[in-house]
Amino acid sequence: MPTRDEQRRPRRVWAALLVALVLVVPVVLLLDDDGSGSSGAHRLTSSEPSTADSSAAPATPDDEPSAAPVAKGKPRALFFGDSYFIGGGYTDASNSMAQLAANRLGWVAAIAGGGGTGFVQGNVEYGIPNFLGQIDNGAFDVGRRRWVLVEGGNNDRFLDQQQVGKNVRKVIRIAQRRFPKANVVLVGPLDTDGDLSDTTPVAKTMRKAAVRRDVAFIDIRGWLKGHYDLIGPDFTHPYPEGHRILGRKLAKALRALGA
């Protein structure tokens, strides 16, 4: 599921050719908090909330709030997953459900992952490995985090669920070891056509893995129920308004977990 991340226009012709190659790769590269990038297969994107205008009127419960001010002690989070977190189709990382949830919670967030990938599934067309491969390539190299959210499942729903469950547990175990003081949360999958028969098996697999690794599981299958008009013509990716609904619900679910 390729993203359409915008790139800054280069000043030299040779740089333009290089950027043209980058544009086709549906991945998000992690930016560390100091703005430096980690090595690996990911493209980094800035994910720290900008400072909100203190003079602005408070948002109503149905409005998407401005990004909260970044201050010392603000929780730092990692959102890792597929195009539902990093953006894809009609959104990018800046207006995906992950960033919108981080804005609502006032978190400093890093967003990473690859479109079309999952716990087992890699994106062969763009040479992006599965989640374990992306972690090997530096997806978790973001420094200390208080919250780590791992989202996925949709791209694994037609694969061997025994192998999917094994890989889910591995990813969680790595997250728990890499971020020993963090709250690790498993998120997914999202149902975009109303037929839960496709997503129920992988949701059960993920829930079982979460129980075994003693982490929270947020099942988002029905979060766009009644809003299928907010899914694009690819029947997969939500429009920005769909991501606003998802971001609001994700923030609410995380608050219920103590965020």
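Residues numbered from 1 in each chain as written. Predicted model: local features only at pLDDT ≥ 70, side-chain atom pairs only at ≥ 80, totals over all residues. Heavy atoms only, no water.

## Details of the packing of helix H5 (residues 161–178) against helix H6 (residues 196–213)
Put simply, the rule reads: A fitted line through C-alpha atoms serves as each axis, taken over the contacting stretch for helices, and the angle formed by two N-to-C directions is quoted from 0 to 180°. A run of DSSP states H or I qualifies as a helix once it reaches four residues; a run of E qualifies as a strand once it reaches two. Both are numbered from the N-terminal end. Any angle between 65 and 115 degrees counts as roughly perpendicular, while under 35 counts as roughly parallel, over 145 as roughly antiparallel, and the rest as oblique. Here a crossing is taken to be left-handed if its near helix is turned anticlockwise relative to the far helix by less than a right angle, and right-handed if that turn runs clockwise. It only takes one pair of heavy atoms within 4.5 Å for two residues to be counted as in contact. Polar here means any residue outside two lists: the nonpolar Ala, Val, Leu, Ile, Met, Phe, Trp, Tyr, Cys and Pro, and the charged Asp, Glu, Lys and Arg; Gly therefore counts as polar.
Between H5 and H6, the shortest axis-to-axis distance is 9 Å and the interhelical angle comes to 40°. The angle between H5 and H6 falls in the class oblique. Pair H5 / H6 crosses with right-handed handedness. Residue-level contacts link Gln161, Val164, Gly165, Val168, Arg169, Ile172, Arg173 and Gln176 of H5 to Pro201, Val202, Thr205, Met206, Ala209, Ala210, Arg212 and Arg213 of H6. Tallied by class, the residues present in the contact of H5 with H6 amount to eight nonpolar, four polar and four charged.

## Quick notes on the packing of helix H3 (residues 97–105) against helix H7 (residues 240–256)
Interhelical geometry of H3 versus H7 gives an angle of 50° and a closest axis separation of 8 Å. Comparing the axis directions of H3 and H7 gives the class oblique. H7 is crossed by H3, and the crossing has right-handed handedness. Residues Met97, Leu100, Ala101, Arg104 and Leu105 of H3 lie in contact with H7, whose contacting residues are His243, Arg244, Leu246, Gly247, Arg248, Leu250, Ala251, Leu254 and Arg255. Here the contact of H3 with H7 is composed, by residue class, of eight nonpolar, two polar and four charged.

## A look at the packing of aromatic side chains
To keep things clear, this is the line we draw: Here a pair means two rings of Phe, Tyr or Trp (six-membered ring of Trp) with centres within 6.5 Å. Their orientation is stacked below 30 degrees between planes, edge-to-face above 60, and tilted elsewhere.
Counted according to the given criterion, the structure contains eight aromatic pairs. Measuring from ring centre to ring centre gives 5.4 Å for phenylalanine 80 and phenylalanine 140, while their planes differ by 80°; the resulting arrangement is edge-to-face. Within this pair, whereas phenylalanine 80 is found in strand E2 (residues 76–81), its partner phenylalanine 140 is found in the loop between helix H4 (131–136) and strand E4 (147–151), the two being separated by 60 residues in sequence. Centroid distance phenylalanine 119 to phenylalanine 131: 4.9 Å. Interplanar angle 70°. Geometry classified as edge-to-face.

## Things to note about the environment of glutamine 163
Within the secondary structure, glutamine 163 sits in helix H5. When the C-alpha atoms of glutamine 163 and valine 120 are compared, they prove to be 7.4 Å apart, with 43 residues separating the residues in sequence.

## What about unusual backbone geometry?
In this structure, the amide linkage connecting glycine 188 to the following residue, proline 189, adopts the cis form with an omega of -15°. Summarising the element assignment, proline 189 is placed in the loop between strand E5 (183–187) and H6. Although it is not a glycine, aspartate 214 adopts a positive phi angle of roughly 60°. Note on placement: aspartate 214 falls in the loop between H6 and strand E6 (216–218). Positive phi values are uncommon outside glycine, yet phenylalanine 235 reaches one of about 60°.

## Structural notes on the side chain of serine 96
Worth spelling out the cut-off: We define a polar contact as two N or O atoms separated by no more than 3.5 Å, with the added condition that, inside protein, one atom must be a possible hydrogen donor and the other a possible acceptor, whereas residues neighbouring each other in sequence contribute only through side-chain atom pairs.
Following the sequence through the fold, serine 96 ends up in the loop between helix H2 (83–86) and H3. In this structure the side chain of serine 96 is engaged in a polar contact, spanning 3.3 Å, whose partner is the backbone oxygen of alanine 93. Those residues in contact with serine 96 that lie beyond four places of it in its chain are Tyr84, Phe85, Ile86, Gly87, Ile111 and His243.

## Considerations on H6
Filter applied, for reference: What a helix should span is 1.5 Å times the count of its residues minus one. Residue burial is assigned from relative accessible area. The probe radius is 1.4 Å, only protein chains are included, and a residue is buried under 20% of its type maximum, exposed over 50%, and partly exposed in between.
A rise of 1.5 Å per residue sets the reference length of H6, with its 18 residues, at 26 Å; its end C-alpha atoms lie 25 Å apart and thus fit the reference within 8%. When H6 is considered as a whole, its buried residues turn out to be Thr199, Val202, Ala203, Thr205, Met206, Ala209 and Ala210. Along its buried surface, H6 packs onto H5, E5 and E6. Just beyond H6, the residue with positive phi is aspartate 214, at close to 60°.

## Topic: the confidence of the model for the chain
The following threshold applies: The quantity known as pLDDT measures the predictor's confidence residue by residue, on a range of 0 to 100.
Per-residue pLDDT for the chain has a mean of 80; in total, 72% of the residues score no lower than 70. Within the model, pLDDT remains below 50 along residues 1–25, and this stretch shows 34 contacts once partners closer than five positions in the same chain are excluded. Residue range residues 29–71 is modelled with pLDDT below 50. Its contacts to residues more than four positions away, or to other chains, number 96 contacts.

## A closer look at the pairing of strand E3 (residues 108–114)
Put simply, the rule reads: Pairing between two strands is assigned when DSSP locates at least 2 bridges connecting them.
With seven of seven residues buried, E3 is to be regarded as a mostly interior element. Residues Val108, Ala110, Ala112 and Gly114 of E3 are buried on one face, and the alternating residues Ala109, Ile111 and Gly113, pointing to the opposite face, are buried as well. Where E2 lies against E3, six bridges are found, and the strand directions are parallel. Opposite alanine 77, over in E3, you have alanine 109 as the bridge partner.

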